[in-house]
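Structure at a glance
Okay, here's what each chain looks like letter by letter:
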Amino acid sequence: MKKRPESGARTLAASGNLVESDPDTNSSNGTSAREKDMLPSPGELENVPLKTSTETSRKKLCGYLNKLGIKGPIKTWKSRWFFYDENKCHLLYYRTAQDINPLGSIDLSSASFDCKMENGEGVFEIRTPSRAFTLKAISRQAMMYWLQQLQMRRWEFCNTQSRFPVGSSQLVNEPLAGRTNVVDNEDFLPLVKTPTEAVGLKAASLPAPQTSTALQNISLKHPWTEIQNTVYNICGSKQLWGNNGNVFSFDEFQEHPENVVEEQEAEVEAGCAVKEGTLEDGRMGPRLNWIRKARWMNSGFPGSEELSREKNSVEKVSVLQQQILTLTEEVKSQKELVKLLHKALEAAQQEKRVSSMYLTAGEDKDRLELVRHKVRQIADLTSRLEALEQEKKELEQILTLRDSHIQELKEHVQLLMEKNHAKQEVIMTLTEQMARELSDPLQEANTITVETLYKQQEEIEHLKDDIDAYKTQNQFLNSEIHQVTRLWTSVAENEKALLMKCACLQARNCQMESKYLTVLRKLQEAVPGLPSSYAELVKDLIQEALQWDVKEEAEEGFNLNPVSEYDEYGFMTVPDYEIEDWKLLAKIQALEIKSNKLRSQEIVEKPLRDRWNSIAELNPSGELKSLIRGGIPVEHRQRVWRWMVSRHCSPLPGHYQRLLEQSRSTEHPACRQIELDLPRTLTNNKHFSSPTSQLIPKLRRVLLAFSWHNPAIGYCQGLNRLAAVALLVLEDEESAFWCLVYIVENLMPADYYSDTLITSQVDQRVFKDFLSEKLPRLMAHFEQYRIDVSLITFNWFLVAFVDSLISDILLRVWDAFLYEGTKVIFRYALAIFKYNEEEILRIHDSVEIYQYLRFFTRMITDGRKLMNIAFNDLNPFPMKLLRNRRSMHREELEAELCELEQIKAAYVKERAEQGPQDLKEIASEEEEES
């Protein structure tokens, strides 16, 4: 068989060398450092399978890099052997390639890579969520090769792990090369060629990087791992050196040259499984020991075949000397480690002897004496330790004094050096000046020009190198950003899909809970007819359902939209009713509201929010009107309300402050009524439920300022609720004051809040006309049972549905009301009756109808449905018709009031004329009785 160069299955290269080889033979049981320098040819390596189940073979990523230590006060570079584990996407690092146990690992699956030219040539960083690793390669080319290979392997691992759901972004599953072709190739780092000086047989023939001191490269952070690796290497070396102790056996190698290829193939095949087998279960060690021992018995020293090729004996000697130096340094480090182990062993043996004496003592006195002796030793050691600590403090003080003295001397020396430097500069300046005077002026100019040109050329060359370096860095960072962005996009899409699924499940859960509570309510109505045991069970279930504990819901797990106790503006989501039946209805209502929100969040709310986000400047338009009718998002509502108020009511600078000064100096007649109404304002809102709430003083100032601003109205019951809603949304009390002015003086008709409330009564008659036209069946039902709807609707119109609708629907009504005016109130009032028309028609008792109308507005949970009824089902609804109806009914009402005034005047006049006669009759009756 033909001879071929034999070498190990891994590279022992200088610091920074990157080796693409089979790293699975980097460490095995019972092999010495000499065995691990054997490397097969590149052609063989590419064809060696990693495992029997692997269909395709590929090169392994391993090599020596310098790692910056971060522990301790001094940071030093330490040489480490790095090996990429494809199964776990981890970058393992060892002290040497012969070690069996790694010192640590770097998780690349969630890591990012970076290289900065200012850090130095070949320096790059690997950042993981827990820490950052700073590594250094032998050259910039080797560094870029490492970074590109790690980046590609991270991408392959993320794709092969099936982390993303099927049907997610198609771009995620594209290969790295395919995706980088989408953009301009100039913006990304091209494929870096394998550095020939750091890979292959040349790198394999070099020894492992050596440090200045034997212990500098030892990891003090992992002493047990170092001991294990050292014992492993010592045992392997003893087994392979043989009985004669001569490791440099050339005769044996020459006697069996034909076995080189076979042994090399066995070495590679066994070594491919060693690294992975050692990391997984450690069961491949004995097999590899046998293979390597057989190979060493036949092949001798690893470099013998290269030496047999060399014809020059001088080169053979130089190679042997270099290998002797390498082994000598290794022996020194092993001896120092053995000394440390001897010291630890002596201490353990001393402790063992003392324990044996204690255990073998015949009597308790002997044992007690041993214990006392031990206590005396401890006390002695303690006193010695204190003395040493005191001595240490004294030495530290002396050292501090000496350091200060040295610093003073250094400063003095620095001053002297600066003075000397200044003198030298003066001398040089005078010398140059004298030389210029003695030399030819033309020659001097030519010399300066040539020197300047040479310096500029050097600077240009340096700048070109910097440009190339930064261009390479930019290309790599573009590739990194491109890849990480794709990964992040895929994860975001996956998270979005999971959130939508979770929202649907929560909505379904809320529907089930609502149906369950509805069943309980039906059972509650049937309790009198149930047996006592069943009735008691129904009551217990109702009490359990009414329990409200938000904290328990939060602790149970992830919740997208929990049913909190209060909404964004402080309104209670579940009102605290005293009647148990109403409490159950309120709980059902809260669950239905949450279900509607969850179902419409992604389908309706998100597109509307995106449309609102795209509006930079507000201008009246049909699109804006449609958006406002659909409801203004919470984050935009304050800005839009301020804009709507300022369009029709220009605030006067300083006017509000002057009104406050007037209210403080003079008491308004309505002040007492305002104080009585403040505690009754929005009792279901946490910002007004207590007399000590922060918004109560603001509401008081707003109402007093308005009473002075509009003396014709002063204060009317209902204005407190309008101002309170304005304060909740606008937050600023002056803005709330102008919003109240805008509602009373611009939106509402005149005399709406006057003493007679004449316009409010007119609107009730107009509403009855609309109710007869739009909902004739319902109006006939009311007339049949003599129901006066104005008793219910009068308060709706006076305060714009405050305290009637739930907060979410109420604020949507106010959004459209502030933009379009009072026509919105008519639309929503009709829509409320349309929403509950069938329920009302099923009630055939006037008392029950009035009871149902008292709270039926609070049971409306679907705001979208109510909005569609108000603005779509009730069309057409022209404003001209509303004005005509108001004028007609106002004339009728004024005529009726005038007629009543005439009747009242005639009655008063008649009573005045009959007054004296009645008095005489009463006096005569009293006289008769007396």
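All residue numbers here refer to positions counted from 1 along the written sequence of the relevant chain. For this predicted model, a pLDDT threshold of at least 70 governs which residues receive local features, and a threshold of 80 or more governs which side-chain atom pairs are given and counted, while totals over whole chains, interfaces and linings are taken from all residues. Side-chain numbers come from the whole structure's heavy atoms, not from hydrogens or water.

1. Section: the overall build of the protein
Inclusion rule: By the criteria applied, helices consist of DSSP H or I runs no shorter than four residues and strands consist of E runs no shorter than two, each listed in order from the N terminus. Remark: exposure states derive from per-residue accessible area (1.4 Å probe, protein chains only) relative to the maximum for the residue type, with buried under 20%, exposed over 50%, and partly exposed in between. By definition in these notes, contact holds between two residues if any of their heavy atoms fall within 4.5 Å. Under the convention used here, a 1.4 Å probe and the Shrake-Rupley method define accessible areas, while residue burial counts only the protein chains that appear.
Helix and strand content of the protein: 31 helices and 8 strands. Residues counted as buried form 41% of the 930 residues belonging to the protein. Partitioning the contacts of the protein with sequence separation of at least 6, the portion at a separation of at least 24 is 73%. Entry remark: accessible area of the protein is about 53,300 Å², with carbon and sulfur atoms responsible for 55%.

2. As for the nonpolar core
Test applied: Joining through side-chain atoms within 4.5 Å is the link that ties buried Ala, Val, Leu, Ile, Met, Phe, Trp, Tyr and Cys residues into a set, and such a set is a nonpolar core.
Residues Trp-641, Leu-719, Phe-782, Phe-801 and Phe-833 are the most contacted members of the largest nonpolar core, which totals 119 residues. Each residue touching Phe-801, except ones within four places of it in the same chain, is listed here: Trp-796, Leu-810, Val-813, Ile-825, Tyr-828, Ala-829 and Ile-832. Counting 30 residues, the second-largest nonpolar core is a separate cluster that includes Cys-89, Ala-111, Met-143 and Val-192.

3. Brief notes about the pairing of strand β3 (residues 77–85)
Put simply, the rule reads: Paired strands, in this sense, are two strands between which DSSP finds at least two bridges.
Counted residue by residue, β3 has 8 buried out of 9 residues, so it is predominantly covered. For β3 and strand β4 (residues 90–94), the ladder comprises 5 bridges, and the chain directions are antiparallel. If you follow Trp-81 over to β4, its bridge partner there is Tyr-94. Linking β3 back to β4 in an antiparallel pair, the connection comprises 4 residues, with Cys-89 at a positive phi of about 55°.

4. Some thoughts on the packing of helix α27 (residues 823–835) against helix α30 (residues 863–873)
Defined as follows: Axis definition: a line fitted to C-alpha atoms, over the contacting stretch in the case of helices. Angles run 0 to 180 degrees between N-to-C directions. What sets the label is the angle itself: under 35 degrees gives roughly parallel, over 145 gives roughly antiparallel, 65 to 115 gives roughly perpendicular, and the rest give oblique. Crossings are classed by handedness, with left-handed meaning an anticlockwise turn of the near helix from the far one by less than a right angle and right-handed meaning a clockwise turn.
The geometry of α27 relative to α30 is characterised by a closest axis approach of 8 Å and an angle of 120° between their N-to-C directions. Between α27 and α30, the angle falls in the class oblique. Between α27 and α30 lies a crossing whose hand is right-handed. Within the contact between the two elements, α27 uses Val-824, Arg-827, Tyr-828, Ala-831, Ile-832, Lys-834 and Tyr-835 and α30 uses Lys-865, Leu-866, Met-867, Ile-869, Ala-870 and Phe-871.

5. Points about the packing of aromatic side chains
To keep things clear, this is the line we draw: We call Phe, Tyr and Trp rings a pair once their centres come within 6.5 Å, taking the six-membered ring for Trp, and we label the pair stacked below 30 degrees between planes, edge-to-face above 60, and tilted otherwise.
Applying the stated criterion to the full structure yields 21 aromatic pairs. Arranged with centres 5.0 Å apart and planes meeting at 75°, the rings of Tyr-64 and Trp-81 form a pair that is edge-to-face. Remark: Trp-81 occurs in strand β3 and Tyr-64 occurs in strand β2 (residues 60–68); sequence separation between them is 17 residues. Each member of the pair, Tyr-64 together with Trp-81, is buried.

6. Details of the pattern of salt bridges
Once their charged atoms are close, side chains differing in charge can pair, the charge on each being opposite to the other. Defined as follows: Salt bridge criterion: a side-chain nitrogen from Lys or Arg within 4 Å of a carboxyl oxygen from Asp or Glu.
Across all of its chains, the model carries 23 salt bridges by this definition. Arg-154 serves as the salt-bridge partner of Glu-480, at 2.9 Å between the closest nitrogen and oxygen. With Glu-480 in helix α12 (residues 441–525) and Arg-154 in helix α2 (residues 140–160), this residue pair connects regions lying 326 residues apart in the sequence. Grouping residues by exposure puts Glu-480 and Arg-154 together as buried. Across the pair Arg-890 and Asp-751 runs a salt bridge whose closest N-O atoms are separated by 3.2 Å. You can see Arg-890 sitting in helix α31 (residues 879–929) and its partner Asp-751 sitting in the loop between α22 (733–747) and α23 (758–774), a full 139 residues away along the chain. Relative accessible area serves as the criterion here: at 25%, Arg-890 is assigned to the partly exposed category. With relative accessibility at 37%, the residue Asp-751 sits in the partly exposed group.

7. Re the pairing of β4
Where burial is concerned, most of β4 is hidden: 4 out of the 5 residues are buried. Here β4 runs beside strand β5 (residues 104–107); their pairing, made up of 4 bridges, is antiparallel. Along β5, the bridge assignment pairs His-90 with Asp-107.

8. A closer look at a positive patch on the surface
Selection criterion: Residues enter patches when their relative accessible area tops 30% and they take part in no salt bridge; the joining distance is 9 Å for like charges and 5 Å for the nonpolar side chains Val, Leu, Ile, Met, Phe, Trp and Tyr. For the purpose of charge, His is not counted, nor are the chain termini; Lys and Arg are scored as positive and Asp and Glu as negative. Positions of charges follow a simple convention, taking NZ of Lys, CZ of Arg, CG of Asp or CD of Glu.
Together, Lys-332, Lys-335, Lys-339 and Lys-343 make up a region of like positive charge exposed at the surface. Note that Lys-332 resides in helix α10 (residues 313–360).

9. Quick look at a negative patch on the surface
A cluster of acidic residues, Glu-461, Asp-465, Asp-466 and Asp-468, forms a negative patch at the surface. When its relative accessible area of 46% is taken as the criterion, Asp-465 is described as partly exposed.

10. With respect to α30
Filter applied, for reference: Polar contact is defined as a pair of N or O atoms within 3.5 Å, subject to the rule that within protein one atom must be able to donate a hydrogen and the other to accept it, and that residues adjacent in sequence are counted only when both atoms are side-chain atoms.
Within α30, burial applies to Gly-863, Arg-864, Leu-866, Met-867, Ile-869, Ala-870 and Phe-871. N-cap assignment for α30: the residue whose side-chain oxygen lies 3.3 Å from the backbone N of Arg-864 is Asp-862.

11. A short note on the packing of helix α17 (residues 634–648) against α22
Following both chains from N to C, one finds α17 and α22 inclined at 55°, their axes separated by 10 Å at the closest point. Of the possible angle classes, the one that applies to α17 and α22 is oblique. Crossing angle aside, the handedness with which α17 passes α22 is left-handed. Note on element contacts: α22 touches α17 through Ser-735, Trp-738, Cys-739, Tyr-742 and Asn-746, opposite Arg-642, Met-644, Val-645 and His-648.

12. So, a nonpolar patch on the surface
On the surface, a cluster of nonpolar side chains totalling about 450 Å² of accessible area is made up of Tyr-358, Leu-359, Leu-368, Val-371 and Val-375. Listing elements by their share of the nonpolar patch, those giving two or more residues are α10 and α11 (364–438). Residue contributions to the nonpolar patch peak at 3 residues, all from α11. The topology assignment puts Val-371 in helix α11. The class for Val-371 is partly exposed, based on a relative accessible area of 37%.

13. Examining the side chain of Ser-790
Locating Ser-790 in the fold gives a position in helix α25 (residues 790–799). On the basis of relative accessibility, which here comes to 16%, the residue Ser-790 falls in the buried class. With sequence-adjacent residues up to four places away left out, Ser-790 is seen in contact with Gln-764 and Lys-768.

14. A closer look at unusual backbone geometry
Residue Pro-876 follows Asn-875 across a cis peptide bond; omega there is 0°. Structurally, Pro-876 is set in the loop between α30 and α31. With a phi angle near 45°, Leu-682 is a residue other than glycine that sits in the positive phi range. Within the fold, Leu-682 resides in the loop between α19 (671–677) and α20 (695–709). What makes Leu-682 buried here is its relative accessible area of 0%. Even without being a glycine, Asp-803 presents a positive backbone phi close to 70°. Residue position: Asp-803 is located in the loop between α25 and α26 (807–820).

15. Digging into the environment of Leu-191
Mapped onto the secondary structure, Leu-191 falls in the loop between α3 (176–180) and α4 (201–205). We classify Leu-191 as exposed; its relative accessible area is 66%. Considering only alpha carbons, one finds Leu-191 and Met-144, 47 residues apart in sequence, at a separation of 9.5 Å. Here Leu-191 is in contact with Gln-148 and Met-152, once residues within four sequence places are set aside.

16. Brief notes about the state of the cysteines
Selection rule: Only a pair of cysteine sulfur atoms within 2.5 Å qualifies as a disulfide here.
Evaluated as defined, the whole model comprises 0 disulfides. Not part of a disulfide, Cys-89 finds its nearest cysteine sulfur in Cys-158, a span of 6.3 Å. Judged by its relative accessible area of 0%, Cys-89 is buried. Of all cysteine sulfurs, the one in Cys-739 lies closest to Cys-649, which takes part in no disulfide; the gap is 9.2 Å.

17. Some points on the confidence of the model for the protein
For the record, the criterion: Known as pLDDT, the predictor's per-residue confidence is scaled from 0 to 100.
Confidence in the prediction for the protein averages 75 pLDDT; 68% of positions are at 70 or higher. When the criterion is pLDDT under 50, residues 1–57 qualifies, and its contacts beyond four places in sequence or with other chains add up to 241 contacts. In the predicted structure, residues 163–184 sits below a pLDDT of 50 and forms 34 contacts with residues beyond four places in sequence or in another chain.

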